[in-house]
Amino acid sequence: MSVQKRIAIYGKGGIGKSSTASNVAAACADEGYTVMIIGCDPKSDSSITLLGGKRIPTILDLLREEKDVKEEDVVFTGYNGVKCVEVGGPEPGIGCAGRGIIVAIQTLKKISKTLNEMDLIIYDVPGDIVCGGFVAPIRKGLVKEAYVLTSGEYMPLYAANNICRGLAKINTPLSGIICNSRSVSREKEIVTKFASEIGSDLMAFIPKEQIVQDCERDGFSVMEKAPDSSIAQVYRDLAKAIMQRDTSVMPVALDDERLRELTR
Amino acid sequence: MDKNITIIHPRPSSIVAALYTLRDLNVDVAVLHGPPGCSFKHARLLEEDGIHVVTTALDENGFVFGGHDALVNVLHKVNEMFKPKLVGVVGTCASMIIGEEMHEPVMEADLDVPVIEVEVHAGYRNNTKGVIVALESALNVGIIDKTEFERQRFLLEEATNVELRHGAASREYLAPSRGDVKYKVAQRIIELLKEGKRGLVIMNAKKETGYMFADITVAINEVAEQLGKADNIVNMANIDEKLGLPRVRHHAECIANDLKEKGVVIHENIGGLDEYPIAGNTVDQLIKDKYIDFDFAVISGVPHAIPMDHISNMELISVTNGPRQVLPLKEMGHEHVLVEIDLHPKTLGVNHIVESEFGATLREVAKESL
């Protein structure tokens, strides 16, 4: 087996991290890779489109019930063999979701053999890194490289820039920028330039297409429901690029003024 | 004095300060909302002082999912177990960091007795924050009145200032020390008495610690009496029975009764047992007016709260229970500094003066030299 790839996809909340993560996971599985997707958002919706729209019990659901958690209780097989795990979380506004991620990740590490057998593990992390717990996968040494998802709009780029600053601070290399288009003007140019100026590359430009939404509404990934669509090919290309990627950089965040200038 | 220094030696926290305040307010049960090991040493000591201390025993699951139900359950449990008349609930670092709201579970538990809620953690710069929050809450539920609250707040501000000036908060790091050898200092006091020197015996104690510091006053008076020098001694003590929270007034009354029984006259009552941060000013004025020409002073309790203005020409012997207080006292000009190690645990749950190590040493040394 080749060296296991362990990646995390970061980006502003609502920018399409889960859609991208699940489609990349599905595309990699189609290529014959063994893949696991670990949803770290308390909303626990990262893997839903790989499981035909069904939710799975989360690690924290079981820990809450003080059950002895076993791998088969929390690792589920979805589309084309993709292993799906959801961390889960406390009720909104109660307890500590950050601590929850730490505890769940430690539990998973302890109980899961599958974790070590994967070619690719994708951590789908929450958009806002509000506390230390949200970077636990990185801090605990589980993530080796990070991808940042953004559109060409100002606020998602602002968030992406901040994330790059954070990654550098915690000594985590950036493997690339992915643009999930919102169809704004000069989008590809802006994001390409942003990627270049922080020292990285634009890995993919995912056009905004209704078919992604349609598939999600039915509870599926594009790869499963519309494998012949043009956007499925974009995900396929991105999956290949990620699997082949062997370079990464310590990103250098732009200052606020330069970022604004870039988006004008 | 730099107020912005980061103090790195261990110090009692706001949580502990809140627990002691609840004790002074005579709560029957204090509930620590957090992990079972939080503030363990002091929680245990307080049990010896007659209050029940329990925790909500928050564990990893509690941190992640919150401790609302745990707090409601524990409140019901203690209500059944101890039939309390007054209950306190104190936050901890863990529960406060995860944003636990204590008021809601207290309302839900709906005990038919007042509950003092103290939302504190241990991260405040001054641990008096725990006392202030406890008192604010006590004021809100009608356990103390506004006048007493304002009085306490003033005393706490002064206590903080005393610690910043010459106490454990006066520098980044203070090494603990056991102070001077008690035997030698006892000999010196006997020597001074034999020489006919006049001495002030000042007890400026913090609350229940007075039970042991008072023994030093007693011992010196006993020895002076044996040497026929009783008239050379003037005693001062902060044992006003009318000042302070209920339990503190009770301590003052107990200590005053014991002193009386032992034939020790307190010539100057310098304030309440909670007035140690300000009694120093009273002492300073008294010395200036009446005792300026005295030769030596033995100051116990919180000696660093006594201004040096009118005692700097005297030979100073201080007795503290703070091992980190030795160096600041030496630097202030106290020639002999003694530490009563582990004084506090021995003064909890008692109603009478307890023997101090220095008092015992002095008595023994006196036997040999008479």
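Nothing here was measured: the structure is a model prediction, and the numbers come from that model. (Residues numbered from 1 in each chain as written. Chains lettered and ligands numbered in written order. Predicted model: local features only at pLDDT ≥ 70, side-chain atom pairs only at ≥ 80, totals over all residues. Heavy atoms only, no water.)

Peer 1: What's the story with the overall build of chain A in this structure? I'm lost.
Peer 2: Looking only at helices and strands, chain A features 12 helices and eight strands. Its C-alpha atoms give chain A a radius of gyration of 17 Å, within 12% of the compact-globule value 18 Å for 264 residues. Counting every position in chain A, which comprises 264 residues, the buried fraction comes to 55%. For chain A, restricting intrachain contacts to residue pairs at least 6 apart in sequence, the fraction spanning at least 24 positions comes to 78%. Summing over all exposed atoms, chain A offers an accessible surface of approximately 11300 Å²; the carbon and sulfur share of this is 47%. (Helix = DSSP H or I, 4+ residues; strand = E, 2+ residues; numbered from the N terminus. Rg over C-alpha atoms; globule rule 2.2 N^0.38 Å. Buried < 20%, exposed > 50% of the residue type's maximum accessible area, 1.4 Å probe, protein only. Contact = heavy atoms within 4.5 Å. Areas by Shrake-Rupley, 256 points an atom, 1.4 Å probe, with all protein chains shown as cover.)

Peer 1: It is not clear to me how the pairing of strand β1 (residues 29-33) of chain B should be interpreted in this structure. Could you clarify?
Peer 2: Put simply, side chains in a regular strand alternate between the two faces of the sheet. Residues and elements named next belong to chain B. Of all the five residues making up β1, five are buried; the element is thus mostly covered by neighbouring parts of the structure. In β1, alternate side chains face the same way, and those of Val29, Val31 and His33 on one face and Ala30 and Leu32 on the other are all buried. Between β1 and its parallel partner strand β2 (residues 52-55), the chain crosses via helix α2 (residues 40-48), and the hand of that crossover is right-handed. Where β1 and strand β3 (residues 87-91) come together, five bridges link them in parallel fashion. By the bridge assignment, Ala30 is partnered in β3 with Gly88. (Right-handed = clockwise from strand over helix to strand, strands pointing away. Pairing = 2+ DSSP bridges.)

Peer 1: Sorry, what's going on with helix α4 (residues 68-82) of chain B here?
Peer 2: Given 3.6 residues per helical turn, the α-helix brings residues three or four places apart onto the same face. Residue and element names in this part refer to chain B. The end-to-end C-alpha distance of α4, which contains 15 residues, comes to 21 Å, matching closely the 21 Å that a straight helix rising 1.5 Å per residue would cover. By the burial criterion, the buried members of α4 are Leu71, Val72, Val74, Leu75 and Val78. Burial along α4 is one-sided: seen end-on, the buried residues are contained in an arc of 165 degrees. Exposed side chains of α4 directed beyond 90 degrees from the buried face belong to Asp69, Lys77, Glu80 and Met81. Buried positions along α4 lie against β1, β2, β3 and α6 (103-109). Of the residues trailing α4, Lys83 is marked for its positive phi of about 45 degrees. (Expected span 1.5 Å × (residues − 1). Arc of directions from axis to C-beta.)

Peer 1: Just to check I follow, could you spell out the environment of Ala160(A) for this structure?
Peer 2: All names here are of chain A. Its place among the elements puts Ala160 in helix α7 (residues 154-169). Residue Ala160 is classed as buried on the basis of its relative accessible area of 0%. Separated by 56 residues in sequence, Ala160 and Ala104 have C-alpha atoms that sit 26 Å apart. Not counting residues within four places of it along the chain, the set of residues in contact with Ala160 comprises Val148, Thr150 and Phe194.

Peer 1: So what exactly am I meant to see when it comes to unusual backbone geometry here?
Peer 2: With the exception of glycine, the majority of residues adopt a negative phi angle, and the majority of peptide bonds are in the trans configuration. Residue and element names in this part refer to chain B. A positive phi angle is found at Ser39, which is not glycine, with a value near 55 degrees. The topology assignment puts Ser39 in the loop between β1 and α2. Notably, Ala57 is not glycine yet its phi reads approximately 50 degrees, a positive angle. Its location among the elements puts Ala57 in the loop between β2 and α3 (60-65).

Peer 1: Would you explain the pairing of strand β6 (residues 233-237) of chain B in this entry?
Peer 2: All names here are of chain B. With five of five residues buried, β6 is to be regarded as a mostly interior element. Here β6 shows a buried face lined by Ile233, Asn235 and Ala237 and a second buried face lined by Val234 and Met236. In this sheet, β6 lies alongside strand β5 (residues 199-204) in parallel orientation, the contact comprising five bridges. Note that in β6 the partner of Met203 across the bridge is Ala237. Bridge count between β6 and strand β7 (residues 268-269): two bridges; the pairing is parallel. Across the sheet, the residue bridging to Met236 is Glu268, located in β7. In terms of handedness, the path from β6 via helix α11 (residues 246-261) over to β7 forms a crossover that is right-handed.

Peer 1: Even after reading the chapter, I still don't get the interface of chain A and chain B, so can you show me in this structure?
Peer 2: Interface size is commonly expressed as the accessible surface area that is lost when the partners come together. In this complex, chain A contributes 12 residues to the contact, which on the side of chain B involves eight residues. Around 850 Å² of area is buried between chain A and chain B when both sides are counted, 59% of it from carbon and sulfur atoms. Considering only the side of chain A, the residues that lose the most area to chain B are Gly95(A), Cys96(A) and Arg99(A), jointly responsible for 41% of the buried surface there. Run the count over chain A and chain B and you get one salt bridge. For the pair chain A and chain B, the number of links is four residue pairs in polar contact (both at pLDDT 80 or more). Where the side of chain A that touches chain B is concerned, the elements lending two or more residues are α2 (59-64) and α4 (97-111) of chain A. Partitioning the side of chain A that touches chain B into residue classes produces six nonpolar, three polar and three charged. (Buried area = accessible area lost by both parts, 1.4 Å probe. Salt bridge = Lys/Arg side-chain N within 4 Å of Asp/Glu carboxyl O. Polar contact = N/O pair within 3.5 Å; in protein donor to acceptor, adjacent residues only side chain to side chain. Nonpolar A, V, L, I, M, F, W, Y, C, P; charged D, E, K, R; others polar.)

Peer 1: Looking at this structure, I do not really get the packing of helix α9 (residues 182-194) of chain B against helix α15 (residues 357-369) of chain B. What am I missing?
Peer 2: Helix packing geometry: the angle between the two helix axes and the distance between the axes. Residue and element names in this part refer to chain B. Direction vectors running N to C along α9 and α15 enclose 55 degrees, while the axes themselves pass 9 Å from each other. Here α9 is positioned oblique relative to α15, judged by the angle of their axes. Crossing geometry of α9 relative to α15 is assigned as right-handed. Residues Lys182, Tyr183, Val185, Ala186, Gln187, Ile189, Ile190 and Lys194 of α9 lie in contact with α15, whose contacting residues are Glu357, Phe358, Thr361, Leu362, Val365, Ala366, Glu368 and Ser369. (Axes fitted to C-alpha atoms, helices over the stretch in contact; angles between N-to-C directions. Parallel < 35°, antiparallel > 145°, perpendicular 65-115°, else oblique. Left-handed = near helix turned anticlockwise from the far one by under 90°.)

Peer 1: Explain the pattern of salt bridges to me, please; I cannot follow it from the model alone.
Peer 2: Here the idea is simple: oppositely charged side chains can pair when their charged atoms come close. Taken as a whole and assessed by the stated rule, the structure comprises 32 salt bridges over all chains. We note a salt bridge from Glu153(A) to Arg182(A), for which the minimum N-O separation is 4.0 Å. In this pair, Glu153(A) sits in the loop between β6 (145-150) and α7 while Arg182(A) sits in the loop between β7 (174-180) and α8 (187-197), placing the two residues 29 residues apart along the sequence. Looking at Arg182(A), the relative accessible area reads 30%, which means it is partly exposed. Several salt bridges share partner residues, and in doing so they unite Arg23(B), Asp24(B), Asp49(B), Lys207(B), Glu208(B) and Arg247(B) into one network.

Peer 1: What is the right way to look at the sheet that holds β3(B) in this model?
Peer 2: Note: strands within a sheet are paired through backbone hydrogen bonds, in either parallel or antiparallel orientation. Residue and element names in this part refer to chain B. An order of β2-β1-β3-β4 is seen for the four strands of this open sheet, with the pairing classed as parallel. Either end of the sheet is taken by a strand with one partner, and the two such strands are β2 and β4 (115-118). With strand direction ignored, the average angle separating the axes of adjacent strands in the sheet is 20 degrees. Examined bridge by bridge, β1 and β2 share four bridges and lie parallel to one another. Residue Val31 lies in a different strand from β2, and its bridge partner there is Val54. Each of β1, β3 and β4 is contacted by helix α1 (residues 14-24), which is oriented at about 175 degrees to β3, the strand it contacts most.

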